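# Structural overview
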Amino acid sequence: MSRMVGRILVLGGTGDALTIARRLQASDVYSLAGLGKVPDGLACRVRVGGFGGSEGLARFLETERIALVVDATHPYAAQMSANAASASKLAGVNCWALRRPPWEPRGGDDWRWVANWDAIRAELAPFARPFFTLGREPLSHLADIPAHQYWTIRCLDAHPGTDRARVIGARGPFTLDGERALFEQNRFDVVVSKNSGGAATEAKLDVARERGLPVVMLRRPSLPAVARIFETTDALLAELDALREPIDDRMIRPGS
Ligand code: NAP
């Protein structure tokens, strides 16, 4: 039976990743890109910032004697996921990934699938009050807002906005009642979203359905194959516990 003895590196930046990080031990490492809040109160070490591509990550895995990489990054953090898979191969380390199932359209949904920013802009042309919920990318296009549009952008960044755009700096989860009130107050006529999956930010899709609004949905990037893929944090944590059980057993019953 193959059992793991060694350190775990969790690549994070999501609520699910933080749930996993809270179960790590002192010798393990939780890694963040450095764009958001750095959590405190974790038993494990927290490191912040890039590794320097897949070669840099492979070196880190070797020097830190990492035994398992857990890619718990956001499903749209495709570069980091690709680096995790290739660095793990280079270093001869197992790589697991947490991949939340995508949201699926339901009856009454009007989703318009797009692949990139240009396609988003083209889909939005007939609308006046888009609600952007796909991170900071719209902030770099504030100077190009079409004359007939007023944008609302919700992302993690605090930003003063402009006379043509309001930026709401907020972190989920978002409630159904809160989203209903936001849509009502702002008279959105279209929603722009990543297909993040999970419950924390799903309520906007329910409200779009209730109000008969289209959703411009950015397709998920393709992600690399890895040794094991988990759809839920519970499933992943159960496997981590199973890997560690024999170590604890040995500590309790020496010589067994
Ligand atoms: P990305 O495009 O896949 O990664 C860009 C670079 O950022 C990576 O090559 C790596 O730099 C560094 N990086 C990313 N995640 C890292 C991590 N956990 N630890 C250390 N370095 C990391 O990533 P992104 O889309 O910008 O996302 C950045 C972070 O925000 C990720 O942790 C992700 O989980 C989180 N996040 C992303 C989204 C999203 O929609 N993309 C949403 C919510 C949260 P090096 O090549 O130098 O190692």
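Residues numbered from 1 in each chain as written. Predicted model: local features only at pLDDT ≥ 70, side-chain atom pairs only at ≥ 80, totals over all residues. Heavy atoms only, no water.

## Quick look at the sheet that holds strand β5 (residues 94–98)
Which entries qualify depends on this criterion: Strand pairing is assigned whenever DSSP identifies at least 2 bridges connecting the two strands. Only runs of H or I of at least four residues qualify as helices and only runs of E of at least two qualify as strands under DSSP, and these elements are numbered from the N terminus. In this description, a line fitted to the C-alpha atoms serves as the axis of each element, helices being fitted only across the stretch in contact, and the angle between N-to-C directions of two axes falls anywhere from 0 to 180 degrees.
Overall, parallel pairing links the six strands, which are arranged β3-β2-β1-β4-β5-β12 in an open sheet. This sheet does not close on itself; its edge strands, each paired only once, are β3 (45–48) and β12 (228–230). For this sheet, the mean angle separating the axes of adjacent strands, direction not counted, is 20°. As judged from the three bridges shared by β5 and β12, these two strands associate in the parallel manner. In the strand pairing of β12, L98 is matched with F230.

## Looking at the domain arrangement of the chain
Where we set the bar: The split into domains, and so the bounds of each, comes from an automatic or database assignment of domains. When checking whether two residues touch, look at their non-hydrogen atoms; a contact exists if any pair is within 4.5 Å. Summed over both partners, the accessible surface that disappears when two parts come together, traced with a 1.4 Å probe, is what is meant by buried area. Note on definitions: salt bridges are taken to be side-chain nitrogens of Lys or Arg within 4 Å of carboxyl oxygens of Asp or Glu.
Taken as a whole, the chain is organised into domain 1 (7–101 + 221–251) and domain 2 (111–218). Counting residues at the interface gives eight residues for domain 1, matched by eight residues for domain 2. The three residues of domain 1 that bury the most area against domain 2 are L35, Y76 and R100, which together make up 65% of that side's buried surface. Inspection of the region where domain 1 meets domain 2 yields zero salt bridges.

## Some remarks on the environment of A67
In this fold, A67 is placed in strand β4 (residues 66–71). C-alpha separation for the pair A67 and R7, spaced 60 residues apart in sequence, amounts to 5.3 Å.

## Considerations on the pairing of strand β10 (residues 190–194)
Selection criterion: When a residue's accessible area, from a 1.4 Å probe over protein chains only, is under 20% of the maximum for its type it is buried; when over 50% it is exposed; and in between it is partly exposed.
Counting buried positions along β10 gives four out of five residues, so the element sits mostly inside the fold. One ladder, built from four bridges, connects β10 with strand β11 (residues 215–218); its direction is parallel. The partner of V192 across the bridge, within β11, is V216.

## As for the pattern of salt bridges
Per the counting criterion, the structure on display carries 16 salt bridges. Across the pair D16 and R100 runs a salt bridge, and its minimum N-O distance is 3.4 Å. Residue D16 is located in helix α1 (residues 15–21), and its partner R100 is located in the loop between β5 and β6 (111–114); the two are separated by 84 residues in the primary sequence. Given the relative accessible area of 23%, D16 is considered partly exposed. Residue classification places R100 among the buried positions, given a relative accessible area of 17%. The salt bridge partner of R106 is E202, with a shortest N-O separation of 3.3 Å. Of this pair, R106 sits in the loop between β5 and β6 while E202 is found in the loop between β10 and α6 (203–211), placing the two residues 96 residues apart along the sequence. Overlapping salt bridges bring together R106, D109, E202, D206 and R209 as one network.

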